[in-house]
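Residues per chain are reported as follows:
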Amino acid sequence: MWALRRASNPLKNRGLSIRTSRACCVKSEVPSCHLDDKASNADSCLAISEGYMSLKTFYRASHGSPRPFVGRCSFSSQADSESSTQEEDDLEDGFSELETPANADVIKEKHVDEVNEDELISEPELSEDEDDDAEGPQNELELSDIEADIAEKRSARMGASSALFDAIMRAPGLSVQSALDNWVEGGNELTRSEISLAMLNLRKRKMYGRALQLSEWLESTKRLDFTERDYASRLDLIAKVRGLLKAESYIDKIPKSFRGEVVYRTLLANCVSANNVKKAEEVFNKMKDLEFPITCFACNQLLLLYKRLDKKKIADVLLLMEKENVRPSRFTYRLLIDTKGQSNDIHGMDQIVETMKAEGIELDINTLSVLAKHYVFGGLKEKAESILKEMEGGNIKKNRRACRTLLPLYAAMGKGDEVERVWKACESNPRIDECLAAIEAWGKLNRIVEAEAVFGRMQNTWKKLNAKHYSTLLKVYANHKMLSKGKDLVKQMADSGCRIGPFTWDAVVKLYVEAGEVEKADSILHKAMQQNRMKPMFSSYMTIMDQYSRRGDIRNSEKMFHRMRQDGYMGRIRQFQSLIQAYVVAKAPAYGMRERMKADNIFPNKAVADQLVSVDAFRKSAVSDLLD
């Protein structure tokens, strides 16, 4: 673990405070480490092990700010998977070709509890700065044993009919529970296997509102003897549909005998998914207070959170893992490799790989993919090619699972011939994820005709395409400022009855912004949010805000900043960086900006600190000193 900490992300100033206390019991004395965001850095230095000072010394090494990263890679807050299949299956492929369109009725009610909860669910936030693609679909929350069993066999069983799922899908809006009553009264057998298959299908399609209604019905009618994992599944759905506060209050309703580690780690994962640092740390501390063992899963959740929002705290989590003898998983190493790569520290990234190998942990295809991406965008093409060939395994036709990763990476290197070769291995019988990767790859190579041909192939092969499939080509049009074609594709998408949500809005916003129509993009996003009551993606806001910032448009930059806060996007340095840049371009003082950042518990990095100096209303120059 020491080697891992030495190779991990550099720190500079404030680390996550860890204090050690002891809870006295009748039979034993249990050590209890807590995460305390309010404690000072000096306190943490006193409380942790002696190795901290040498650790801190090492972390004074240079640490570049995260660079823009095309084709970024990251990890799901609810996945700590050993699976070799990437997270896009679970996050982006939530809607298969079998997807039933959302209820077309216009939502008229104003109160959230009165609307169709399925309509309130945002598509996954995949275009955010650090959350584009990541881990596999294996549900690390293990919400029920039978669901896990089904998940392992889902590729073979997803074609199987689920009568319960069909009944739920036929029910309009909030009528799911009455439809379930009718289904049972019709003499249908309600087995745990049937319930789990229906729940799995609903989760796969991100229909969390309906899944929650199913869970509530099962509990209220006593049709299922709930286990801890069933309660955890219910809590997870409440967090997704109604928010963290409702989920947290639901824990009090769970029988004490079922309030175990699985329930609390489910809440922790949802806090991480919401990027809520304060709440995540509170839940972690609560788990310690309840004397649950510190697991690798819980630590990985914190690592993931700090990787996104506060990289300075990563070392302290690793120190905690060392103190508690928590063995890092493959996911732990992958997180650290990705963090190093995003900081453009290739040497440090290679050190972590060596540590991983020394621990006897094999580099799976996901880890190799992360390495290859950072080598490609770090300009180390020879290293990247070596990794890509290793991923191919000597025979690309027999190793098809690598194709979806290889296509965009070869395109990023400008190797059109390699893209052609890999696509040829898939072309006779392509999978939908390979088609999407090919569209992206051809787009990067400026070969629009080939990208459109692949999309046409998808339309002919699958009966119904979903928002993600259209948006992939839409982003190609956006990147090439092809506004007319983009508009036609959006119209075609709407005419097909495809569900249009935040993932599509993000592509449309980029389309108009790239075409120079920022105000139009702003208007579209605002109207879409008002009409659909769904939360736009972080990247949608930032795409617009960055354009206002480049113009020095302080008024509209502040407006976007405020709207983001209203939608729960808070505590991210990226937002402040864009906002401050608007003041820099406008050559206007930014009064109280440091205090605003401090209120959000954000500490400026070097780039932001330089920005703050230039917009400080009270700074003195050499000339002003002479005049004074």
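Check the entry above for the structure.
Residue positions are given per chain, counting from 1 as you read along its sequence in written order. pLDDT decides what is reported in this predicted model: residues at 70 or higher carry local features, side-chain atom pairs at 80 or more are listed and counted, and totals for whole chains, interfaces and linings draw on all residues regardless. Remark: hydrogens and water are excluded; side-chain values derive from all non-hydrogen atoms of the structure.

## Concerning the side chain of Asp 506
Point 1. Helix and strand definitions here come from DSSP, where helices need a minimum of 4 consecutive H or I residues and strands a minimum of 2 consecutive E residues; each element is numbered from the N-terminal end. Tracing the chain through its elements places Asp 506 in helix α27 (residues 502-514).
Point 2. Engagement of the side chain of Asp 506 in a polar contact is seen with the side chain of Ser 539, the distance being 2.6 Å. By the criterion applied in these results, polar contacts are pairs of N or O atoms within 3.5 Å in which, for protein atoms, one can donate a hydrogen and the other can accept it, and in which residues neighboring in sequence qualify only through two side-chain atoms.

## Focus on the packing of helix α29 (residues 538-551) against helix α31 (residues 573-586)
Point 1. Contact pair α29 / α31: the axes reach a minimum separation of 7 Å and the direction vectors enclose 15°. The pairing of α29 with α31 is recorded here as roughly parallel in orientation. Considering the relative orientation of α29 and α31, their crossing is left-handed. When α29 is examined against α31, the residues Phe 538, Met 542, Met 545, Asp 546, Ser 549, Arg 550 and Arg 551 are found in contact with a partner set consisting of Arg 574, Gln 575, Ser 578, Leu 579, Gln 581, Ala 582 and Val 585.
Point 2. Split by residue class, the contact of α29 with α31 holds 6 nonpolar, 4 polar and 4 charged. Lines fitted to the C-alpha atoms define the axes, with helices restricted to the stretch that makes contact. Angles between their N-to-C directions range from 0 to 180 degrees. Note on angle classes: values under 35 degrees are labelled roughly parallel, values over 145 roughly antiparallel, values of 65 to 115 roughly perpendicular, and the remainder oblique. Each crossing is labelled by how the near helix is turned from the far one, with a counterclockwise turn of less than a right angle marking it left-handed and a clockwise turn marking it right-handed. Every residue pair with non-hydrogen atoms within 4.5 Å of one another is taken to be in contact. Under the grouping applied here, Gly and all other residues not named as nonpolar or charged are polar, the nonpolar ones being Ala, Val, Leu, Ile, Met, Phe, Trp, Tyr, Cys and Pro and the charged ones Asp, Glu, Lys and Arg.

## Description of helix α25 (residues 467-479)
Point 1. A helix is expected to reach a length of 1.5 Å times the quantity of its residues less one. With 13 residues, α25 extends 18 Å between its outermost C-alpha atoms, agreeing within 8% with the 18 Å of an ideal straight helix rising 1.5 Å per residue.
Point 2. Between buried and exposed lies partly exposed: a residue is buried under 20% and exposed over 50% of the maximum accessible area for its type, with that area taken using a 1.4 Å probe on protein chains only. Counting buried residues in α25 gives 11 out of 13 residues, a clear majority hidden from the surface.
Point 3. All of the buried residues in α25 are Ala 467, Lys 468, His 469, Tyr 470, Ser 471, Thr 472, Leu 473, Leu 474, Val 476, Tyr 477 and Ala 478.
Point 4. Sitting at the amino-terminal end of α25 is Asn 466, which places a side-chain oxygen 2.9 Å from the backbone nitrogen of Lys 468.
Point 5. Phi turns positive one or two residues past the end of α25, at Lys 481, with a value near 55°.

## Some details on the side chain of Ser 578
Point 1. For Ser 578, the position within the fold is in helix α31.
Point 2. Residue Ser 578 is classed as buried on the basis of its relative accessible area of 3%.
Point 3. Within polar-contact distance, the side chain of Ser 578 engages the side chain of Asp 546 at 2.8 Å.

## Quick word on the nonpolar core
Point 1. Joining through side-chain atoms within 4.5 Å is the link that ties buried Ala, Val, Leu, Ile, Met, Phe, Trp, Tyr and Cys residues into a set, and such a set is a nonpolar core. Counting 163 residues, the largest nonpolar core has Leu 214 and Ile 544 as the members making the most contacts within it.
Point 2. Contacts of Leu 214, omitting those with residues within four sequence positions, involve Ile 168, Leu 180, Ile 195, Ala 198, Met 199 and Leu 202.

## Considerations on the pattern of salt bridges
Point 1. What makes a salt bridge here is a side-chain nitrogen of Lys or Arg within 4 Å of a carboxyl oxygen of Asp or Glu, nothing more. Throughout the structure, instances matching the rule amount to 37 salt bridges.
Point 2. Glu 450 serves as the salt-bridge partner of Arg 447, at 3.1 Å between the closest nitrogen and oxygen.
Point 3. A salt bridge links Arg 551 to Glu 519; its shortest N-O distance comes to 2.5 Å. With a gap of 32 residues between them, Arg 551 in helix α29 and Glu 519 in helix α28 (residues 518-532) connect regions that are remote in the sequence.
Point 4. The class of Arg 551 is partly exposed, set by a relative accessible area of 42%.
Point 5. Counted as one network, the salt bridges with shared partners bring together Lys 389, Glu 392, Glu 418 and Arg 421.

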